[in-house]
Amino acid sequence: MDALKERIAKVKGRYPGMAGLEETELERLFGTSREVSIPAGVQLFRESEPCHMMMWLTEGSIRVYKHSPEGREITLYRVRPGEFCILTLQCLFCGGGFPAEAQSETQVTGIALNRQAIDQAIDDAPGFRRYLLGLLSRRMAEMIHLISEVSFNRLDLRLACLLGQMFEQSGRTPIKITHAQLARELGTTREVISRILKEFEHRQCIRLQRGEIHLVSEEDLEWFSRTA
């Protein structure tokens, strides 16, 4: 029982919305759960593989992405503590295989639940249903934004916006990332990314080094992201 309470406490710490559920509801939901730990770089799902569990992430980051027939990749979203993988839920609810791929970017820990426990909680706990629907709605809005970005915005604008976000997260310190990794984020090729980055460097927005990108002018990069 102590182990169960510990798992529940970890979930409530990372998913504050779960704190509104009754303790008996949480105990029923997580009664058959187990804690899992996964190293960085592990392929969690391949396309068309079945899903049997849902993870409540407590530490780490998981990248969910899609492959093109030509071998290119595009990042659909990341799952971090406090978030769910919408495609895992889709597989659990509707059956069929995972429609993308997922990989642990860092060491990942979480609480894993089987489908039977989730189905039971959806049937018996209105608070859990509302919480789950709220998380799904937010993730769906993110996916619609991604579709809009890919469909209507030029690649140089999307890259400028991505770099701006990454520099903000790094505190304006150099970003350690390769051109190939940026290409996988945006669903294009390394050669195209390299060409655009050279243009940004020519405009004195950034400075390129091997495996790193340095911010030269935040204002110019922001200007470019608005006018690309």
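Above: the structure in question.
From a predicted model like this one, the values you see are computed outputs, not experimental measurements.

Visitor: Could you clarify how one ought to interpret the sheet that holds strand S9 (residues 206–209) in this entry?
Guide: Taking strand neighbours across the sheet as the criterion, the three strands line up as S8-S10-S9 in an open arrangement whose pairing is antiparallel. Strand pairing shows two members of the sheet lacking a second neighbour, strand S8 (175–176) and S9, which therefore form its edges. Direction of pairing for S8 relative to strand S10 (residues 212–215): antiparallel, over a ladder of two bridges. Note on S10: the bridge partner recorded for Lys176 is Glu212. Packed onto the sheet, helix H6 (residues 155–169) meets S8, S9 and S10 and runs at close to 80° relative to S10.

Visitor: Would you mind showing me how to read the sheet that holds strand S3 (residues 53–59) here?
Guide: Within a sheet, adjacent strands bond to each other through the backbone by hydrogen bonds, running parallel or antiparallel. Taken in spatial order, the three strands line up as S1-S7-S3 in an open sheet, and their pairing is antiparallel. The open sheet is flanked by strand S1 (34–38) and S3, the only strands paired with a single partner. The sheet shows a mean angle of 35° between the axes of neighbouring strands, taken without regard to direction. As defined by bridge partners, S3 adjoins strand S7 (residues 108–114) across six bridges and the pair is classed as antiparallel. If you follow Met53 over to S7, its bridge partner there is Asn114.

Visitor: Help me out: how do you make sense of the pattern of salt bridges in this one?
Guide: Scanning all chains against the criterion turns up 20 salt bridges. Two residues, Glu6 and Lys10, come together in a salt bridge whose shortest N-O distance is 3.8 Å. Separated by four residues within a single helix, Glu6 and Lys10 lie in helix H1 (residues 2–14), roughly one turn from each other. The class of Glu6 is partly exposed, set by a relative accessible area of 46%. Looking at Lys10, the relative accessible area reads 30%, which means it is partly exposed. Here Glu142 makes a salt bridge to Arg139, at a shortest N to O gap of 2.8 Å. Taken as a pair, Glu142 and Arg139 lie in helix H5 (residues 126–152) at a separation of three residues, close to a single helical turn. Residue classification places Glu142 among the partly exposed residues on the basis of a relative accessible area of 39%. Taking the relative accessible area as the measure of exposure, Arg139 reaches 6% and is therefore buried.

Visitor: Quick question: what am I supposed to make of the layout of surface pockets here?
Guide: The gaps left among the atoms become clear once a water-sized probe is rolled over them. By volume, the largest pocket amounts to about 1200 Å³. Around the largest pocket, the lining comprises 36 residues; the ones closest to its centre are Thr75, Arg78, Leu162, Gln165 and Glu185. Residue assignment for the lining of the largest pocket shows that the elements contributing at least two residues are strand S4 (62–67), strand S5 (73–79), strand S6 (101–104), H5, H6, S8 and helix H7 (179–186). The element best represented in the lining of the largest pocket is H5, accounting for seven residues. Tallied by class, the residues present in the lining of the largest pocket amount to 13 nonpolar, 10 polar and 13 charged. Looking at the second largest pocket, its volume works out to about 370 Å³. If you trace the second largest pocket, you find 20 residues lining it, with Leu44, Phe45, Met53, Met54 and Met55 closest to the centre. Grouping the constituent residues of the lining of the second largest pocket by class yields 17 nonpolar, two polar and one charged.

Cut-offs applied
- Residues numbered from 1 in each chain as written.
- Predicted model: local features only at pLDDT ≥ 70, side-chain atom pairs only at ≥ 80, totals over all residues.
- Heavy atoms only, no water.
- Pairing = 2+ DSSP bridges.
- Helix = DSSP H or I, 4+ residues; strand = E, 2+ residues; numbered from the N terminus.
- Contact = heavy atoms within 4.5 Å.
- Axes fitted to C-alpha atoms, helices over the stretch in contact; angles between N-to-C directions.
- Salt bridge = Lys/Arg side-chain N within 4 Å of Asp/Glu carboxyl O.
- Buried < 20%, exposed > 50% of the residue type's maximum accessible area, 1.4 Å probe, protein only.
- 1 Å grid on protein atoms, 1.4 Å probe; cavity = no way out; pocket = protein on both sides within 12 Å on 5 of 7 lines; lining within 4 Å.
- Points joined across faces, edges and corners; volume = space filled by probe spheres on them.
- Nonpolar A, V, L, I, M, F, W, Y, C, P; charged D, E, K, R; others polar.

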